[in-house]
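# Structural features, examined
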Amino acid sequence: MTDTAFYSTETAWCPGCGNFDIVQTLTNVLGDLQLSPNQVLLVGGIGQAAKLNQYVNANGFSGLHGRALPASVAAKMVNQALTVIVDTGDGDSYGEGGNHFLHNIRRNVDITHFAHDNQIYGLTKGQTSPTSDPCGVSPSGACNLSKPFKPLLVALAAGATFVARTFSGNKEHMAKIMKAAILHKGYALVDILQPCISFNKVNTFAYYKEHTYELEAAYDAGNLETALLRSMEYGPKIPLGIFYQVEMPTYHQQRPAIYDGTPMIDKKASVAQLEALLGQFA
Ligand SMILES: Cc1ncc(C[n+]2csc(CCOP(=O)(O)OP(=O)(O)O)c2C)c(N)n1
Ligand SMILES: [Mg+2]
């Protein structure tokens with residue numbers, strides 16, 4: 001593990017799980033960004049990935065299954081000074097949380113979403129998730145009779161301002177992408193390919209090592225059409241990197257009357273102002 005201020009405790013994950021690389025890299029990145037634990041809120045829903053906030057020394061919130069995004073957005077609304085990071089699974093993000101995924105992206109709230117994508121429901125022992133490979137491609141185990149969900153393509157279509165993919169087995173790449181995502185002003189999605197060594201015997205470390213490659217150096221992350229095309233590329237070759245990043249007004253920036261730089265929790269309630277307001281309706 002790591003010795004940054006964020007390191008907290010032993011975990012209940014299976015030895016060898018890709019989540020260990022994610023928590024170690026994340027805690028290092030938070031330290032590198034000179035953040036202290038009281039400035040960071042980590043949010044999850046339900047699942048193995050969603051437990052990450054319980055294993056890091058920072059503010060944490062565990063929501064209901066599929067509800068990590070609304071909880072994190074609510075926290076950012078009332079305290080914009082917090083660095084809010086969602087760490088949760090592919091099922092939690094794209095299945096149970098699918099509707100929240102679509103509509104919170106559209107708001108462009110300044111939060112970071114790390115989706116630990118092991119292509120299965122890990123906590124409940126390996127059922128098919130939205131991102132499981134199609135049946136017929138995977139030789140055994142969970143597979144999709146439905147069309148597999150393409151998180152990057154959907155996020156781009158919904159208007160995400162930062163869309164990326166990395167692989168937990170490539171820590172250098174993951175650290176670079178995590179840093180860029182946290183620093184991005186607005187909603188940032190990073191789909192993290194994360195082997196589940198217990199219940200996904202197909203999408204293993206070796207599998208992702210063989211099938212992933214990095215987007216070329218000349219790739220233009222400012223071009224939505226190219227990003228849409230490249231985000232559809234998911235088969236024998238899986239691209240990693242920042243597919244799309246643009247600066248657009250965040251939710252807070254679009255409401256300067258409310259979000260004027262002072263976090264809402266630090267604003268003092270004025271009884272006189274409230275009485276004057278209510279007086280208008282008397
Ligand atoms: C509303 C609801 N439906 C189903 C469940 C059961 N359940 C708990 S975790 C989970 C899947 C988690 O999968 P994922 O989000 O991919 O996380 P992982 O465990 O793979 O990291 C399910 C279906 C639940 N707790 N609540
Ligand atoms: Mg999962």
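To start, this report covers the structure provided alongside it.

Cut-offs and rules
Residues numbered from 1 in each chain as written. Chains lettered and ligands numbered in written order. Predicted model: local features only at pLDDT ≥ 70, side-chain atom pairs only at ≥ 80, totals over all residues. Heavy atoms only, no water. Disulfide = S-S within 2.5 Å. Pairing = 2+ DSSP bridges. Helix = DSSP H or I, 4+ residues; strand = E, 2+ residues; numbered from the N terminus. Axes fitted to C-alpha atoms, helices over the stretch in contact; angles between N-to-C directions. Contact = heavy atoms within 4.5 Å. Donors = N, O, S within 2.8 Å, 3.2 Å for Na, K, Ca; no water. Buried < 20%, exposed > 50% of the residue type's maximum accessible area, 1.4 Å probe, protein only. Near = heavy atom within 4 Å. Polar contact = N/O pair within 3.5 Å; in protein donor to acceptor, adjacent residues only side chain to side chain. Nonpolar A, V, L, I, M, F, W, Y, C, P; charged D, E, K, R; others polar.

Our next topic: the state of the cysteines. Considering all chains together, one arrives at one disulfide under this definition. Cys135 shares a disulfide with Cys143; S-S distance 2.0 Å. Because the sign of the S-S torsion sets the handedness, a value of about 85° for the bond joining Cys135 and Cys143 places this disulfide among the right-handed ones. Sulfur of Cys17: no disulfide; nearest cysteine sulfur belongs to Cys196 and is 6.3 Å away.

An order of E2-E1-E3-E4-E8-E7-E10-E9 is seen for the eight strands of this open sheet, with the pairing classed as mixed. With one partner strand each, in any of the chains shown, strand E2 (59-62) and strand E9 (212-214) form the two edges of the open sheet. Between one strand axis and the next, the sheet turns by 25° as a mean value, whatever way the strands run. The strands touched by helix H2 (residues 68-78) within the sheet are strand E1 (40-44), E2, strand E3 (83-89) and strand E4 (112-117), with E3 carrying the most contacts at an inclination of about 175°. Seen against the sheet, helix H6 (residues 171-183) touches E3, E4, strand E7 (162-167), strand E8 (188-193), E9 and strand E10 (238-245) and runs at an angle of roughly 160° to E7.

Looking now at the coordination of the magnesium ion (ligand 2). A four-donor tetrahedral metal ideally has 109.5 degree angles, and a six-donor octahedral metal ideally has angles of 90 or 180 degrees. Summarising the metal site, the magnesium ion (ligand 2) is bound by the protein donors Asp90 (OD), Asn118 (OD1) and Ile120 (O), whose distances to it range over 2.0 to 2.2 Å. The sequence pattern formed by the donor residues of the magnesium ion (ligand 2) is D-x27-N-x1-I. Residue classification places Ile120 among the buried residues on the basis of a relative accessible area of 3%.

Glancing now at the site of ligand 1. Lining the immediate surroundings of ligand 1 are 16 residues, of which Asp90, Gly91, Asp92, Gly122 and Leu123 lie closest. Between an oxygen atom of ligand 1 and a side-chain N or O atom of Asp90, the distance comes to 2.6 Å. Within the backbone of Asp92, one N or O atom sits 2.7 Å away from an oxygen atom of ligand 1. Put simply, the parts of the chain that give the shell around ligand 1 at least two residues each are helix H3 (90-95) and strand E5 (120-121). In terms of residue count, H3 provides more of the shell around ligand 1 than any other element does, three residues in total. Along the lines of polarity and charge, the residues of the shell around ligand 1 split into five nonpolar, eight polar and three charged.

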